[in-house]
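Working through the structure, step by step
One letter stands for each residue in the lines below.
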Amino acid sequence: MATLNATLSLTSKDTTIKNKVALVFSKQISTTNPVIHSGTSVSATVYVYVKNLDSSNYVALDTGAGAGFGILYPGDFAYYAVQTTKGLKLQANTATCLVEYGIFTKA
């Protein structure tokens, strides 16, 4: 059993006209099997962390069924729960991209 401490912090002094932005979200998630090897299928909730390490190309995110839902530009990252019935596919836009990733099963 392992524990993930996920934190998202969004701050800015000049994003809006009237107010500054100061949002911080934190959540602890108990996990089992900290990494699931590729090809493994599970019915539990699975969280994924993906970071695009490429310096010039983006990586498109879509479901295993081919429905696009996001783009990771160079240096961008994502952390979210994957729909177990949908899956995840990464596709580099023009050239092979190096990505860093972690897959965690909720306990």
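Residues numbered from 1 in each chain as written. Predicted model: local features only at pLDDT ≥ 70, side-chain atom pairs only at ≥ 80, totals over all residues. Heavy atoms only, no water.

Once that is clear, we can look at the side chain of Thr-63. Mapped onto the elements of the fold, Thr-63 is located in the loop between strand E4 (59-62) and strand E5 (68-72). Judged by its relative accessible area of 10%, Thr-63 falls in the buried class. In contact with Thr-63, not counting residues within four places along its chain, are Phe-69, Lys-86, Gly-87, Leu-88 and Lys-89. (Helix = DSSP H or I, 4+ residues; strand = E, 2+ residues; numbered from the N terminus. Buried < 20%, exposed > 50% of the residue type's maximum accessible area, 1.4 Å probe, protein only. Contact = heavy atoms within 4.5 Å.)

Below, the discussion takes up the layout of surface pockets. Computed from the structure, the second largest pocket encloses a volume of approximately 260 Å³. Taken together, Ala-6, Thr-7, Leu-8, Phe-25, Ser-26, Lys-27, Ile-29, Tyr-47, Phe-77, Ala-78 and Tyr-79 make up the full set of residues lining the second largest pocket. Breaking the lining of the second largest pocket down by element, the ones donating at least two residues are strand E1 (2-12), strand E2 (21-32) and strand E6 (77-82). Counting residues per element, the lining of the second largest pocket draws most heavily on E2, which supplies 4 residues. For the lining of the second largest pocket, the class distribution of residues is 8 nonpolar, 2 polar and 1 charged. (1 Å grid on protein atoms, 1.4 Å probe; cavity = no way out; pocket = protein on both sides within 12 Å on 5 of 7 lines; lining within 4 Å. Points joined across faces, edges and corners; volume = space filled by probe spheres on them. Nonpolar A, V, L, I, M, F, W, Y, C, P; charged D, E, K, R; others polar.)

In spatial order, the strands read E5-E4-E7; together these 3 strands make up an open sheet with antiparallel pairing. Looking at strand neighbours, the two that pair on one side only are E5 and strand E7 (89-92), the edges of this open sheet. Direction aside, neighbouring strands of the sheet carry axes that sit 25 degrees apart on average. Sheet topology note: the E4/E5 ladder contains 4 bridges and is antiparallel. Bridge assignment links Asp-62 to a residue of E5, and that residue is Gly-68. (Pairing = 2+ DSSP bridges. Axes fitted to C-alpha atoms, helices over the stretch in contact; angles between N-to-C directions.)

This part takes up the environment of Val-21. Tracing the backbone shows Val-21 in strand E2. Overall, the relative accessible area of 22% leaves Val-21 in the partly exposed class. Distance in space between the C-alpha atoms of Val-21 and Thr-11 is 5.0 Å, their sequence separation being 10 residues. Ignoring anything within four residues of it in the chain, the contact list for Val-21 reads Leu-10, Thr-11, Ser-12, Thr-15 and Thr-16.

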